[in-house]
Amino acid sequence: MVSAPTLHVVSTELTVGSFAMAGVAFVLAGLASHGWFNLKRHLKLADHVAHFALAFGLLAMPFAMVTGIQSSPGDGVDHPLLINKMFLGSAAIGLALGVLLTRRRLGEHVWSDDWGRRWQSLGGLSAVGLVLLTASIGGTFSRGESLLDLFKLPYDTVPLMPVWLSGIVLLVAIGNLLAMRRGRAV
């Protein structure tokens, strides 16, 4: 029988790796959609990789969340770091779903519209950033250190996401919804 902490490590690595791959592909797709660095011919590949990796990470994330709760010491989510992980993970799920639904509805046309390509890239990168921040909190919780320690983030304060960051996430979500609505009218 495999323990919950071992399953958590595996599912977390799948999630973070998928989201990191999606982040690189969203950067490349954003650059290619603007025609920068002679990447225009790679737009279709970057688009497919970005959205497939985002979808795979989205499928792996609930397993990481459930095994994380099962492997945490105590009675579940009773530590500020774990609560912050749940908030940020939930926000990442929402953003990733918005990006994927927009891509599904608009198809490849999302990259030809000035408005759509900016919001699609920003939405995908925001979801990736939230997942990487969530992973950093996990490193702080389990090992007492993370790659983002140099930023001195207030992990022990609930919620970690301040009002200004919530506003940015809300604007990205609204932008994705408007891009989806605009694509329906086209």
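Peer 1: When you look at a nonpolar patch on the surface in this model, what are you seeing that I'm missing?
Peer 2: Together, Val10, Leu14, Phe52 and Phe56 give the surface a local cluster of nonpolar side chains, amounting to about 400 Å² of exposed area. Only α1 (4–33) and α2 (43–71) provide two or more residues apiece to the nonpolar patch. Mapped onto the fold, Val10 is located in helix α1.

Peer 1: Mind showing me how you'd approach helix α4 (residues 114–143) here?
Peer 2: Owing to its 3.6 residues per turn, the α-helix brings residues three or four apart onto one side. Helix length check: α4 (30 residues) gives 43 Å between terminal C-alpha atoms against 44 Å at 1.5 Å per residue, within 8%. Just downstream of α4, Gly144 is the residue with a positive phi angle, here 80 degrees.

Peer 1: Looking at this structure, I do not really get the nonpolar core. What am I missing?
Peer 2: Soluble globular proteins: nonpolar side chains tend toward being buried together. Membership of the largest hydrophobic core comes to 35 residues, with the highest contact counts inside it found for Phe19, Phe26, Leu54 and Leu130. Non-local contacts of Phe19, meaning those with residues more than four positions away in its chain, are made with Leu54, Gly57, Leu58, Met61, Ala96, Ala127, Val128 and Val131.

Peer 1: I'm lost on the environment of Met21 in this one. Help?
Peer 2: Note on placement: Met21 falls in helix α1. Considering only alpha carbons, one finds Met21 and Ala50, 29 residues apart in sequence, at a separation of 7.1 Å. Discounting chain neighbours no more than four positions away, the residues touching Met21 are Val49 and Ala53.

Peer 1: Even after reading the chapter, I still don't get the packing of α1 against α4, so can you show me in this structure?
Peer 2: A packed helix pair is summarised by two numbers, namely the angle formed by the two axes and the spacing between the axes. Two elements in contact, α1 and α4, have axes separated by 9 Å at closest approach and are oriented at 155 degrees. When the axis of α1 is compared with that of α4, the two are roughly antiparallel. Seen along the crossing, α1 lies across α4 with a hand that is left-handed. Where α1 approaches α4, its residues Thr15, Val16, Phe19, Ala22, Gly23, Phe26, Val27, Gly30 and Ser33 are matched on the opposing element by Arg117, Gln120, Ser121, Gly124, Leu125, Ala127, Val128, Val131, Leu132 and Ala135. Split by residue class, the contact of α1 with α4 holds eleven nonpolar, seven polar and one charged.

Peer 1: Honestly, helix α3 (residues 80–106) in this entry has me stumped. Any pointers?
Peer 2: Counted at 1.5 Å a residue, the expected span for α3 with its 27 residues is 39 Å, and the 39 Å between its end C-alpha atoms agrees. Of the residues flanking the end of α3, it is Gly107, one or two places downstream, whose phi is positive at about 70 degrees.

Peer 1: Help me understand the side chain of Asp47, please; the structure alone is not making it clear to me.
Peer 2: Take Asp47: it is sitting in helix α2. Asp47 sits in the buried class, given a relative accessible area of 1%. A distance of 2.7 Å separates the side chain of Asp47 from the side chain of Trp111, its partner in a polar contact. Residues in contact with Asp47, not counting those within four places in the same chain, are Ala29, Arg103, Glu108 and Trp111.

Peer 1: Quick question: what am I supposed to make of the pattern of salt bridges here?
Peer 2: Opposite charge on two side chains permits pairing when their charged atoms draw close. Overall, the coordinates contain two salt bridges when judged by the stated rule. The partner of Glu108 in a salt bridge is Lys44, and the shortest N-O contact between them spans 4.0 Å. Highlighted residues: Glu108 in the loop between α3 and α4 and Lys44 in helix α2, separated in sequence by 64 residues. Note that Arg103 and Asp47 form a salt bridge whose closest N and O atoms lie 2.6 Å from each other. Pair noted here: Arg103 is in helix α3 and Asp47 is in helix α2, with a separation of 56 residues, a long-range link. With respect to class, Arg103 is no different from Asp47; both count as buried.

The rules behind these values
- Residues numbered from 1 in each chain as written.
- Predicted model: local features only at pLDDT ≥ 70, side-chain atom pairs only at ≥ 80, totals over all residues.
- Heavy atoms only, no water.
- Patch = residues over 30% accessible without salt bridge, like charges linked within 9 Å, V, L, I, M, F, W, Y side chains within 5 Å.
- Areas by Shrake-Rupley, 256 points an atom, 1.4 Å probe, with all protein chains shown as cover.
- Salt bridge = Lys/Arg side-chain N within 4 Å of Asp/Glu carboxyl O.
- Helix = DSSP H or I, 4+ residues; strand = E, 2+ residues; numbered from the N terminus.
- Expected span 1.5 Å × (residues − 1).
- Core = buried A, V, L, I, M, F, W, Y, C linked by side-chain atoms within 4.5 Å.
- Buried < 20%, exposed > 50% of the residue type's maximum accessible area, 1.4 Å probe, protein only.
- Contact = heavy atoms within 4.5 Å.
- Axes fitted to C-alpha atoms, helices over the stretch in contact; angles between N-to-C directions.
- Parallel < 35°, antiparallel > 145°, perpendicular 65-115°, else oblique.
- Left-handed = near helix turned anticlockwise from the far one by under 90°.
- Nonpolar A, V, L, I, M, F, W, Y, C, P; charged D, E, K, R; others polar.
- Polar contact = N/O pair within 3.5 Å; in protein donor to acceptor, adjacent residues only side chain to side chain.

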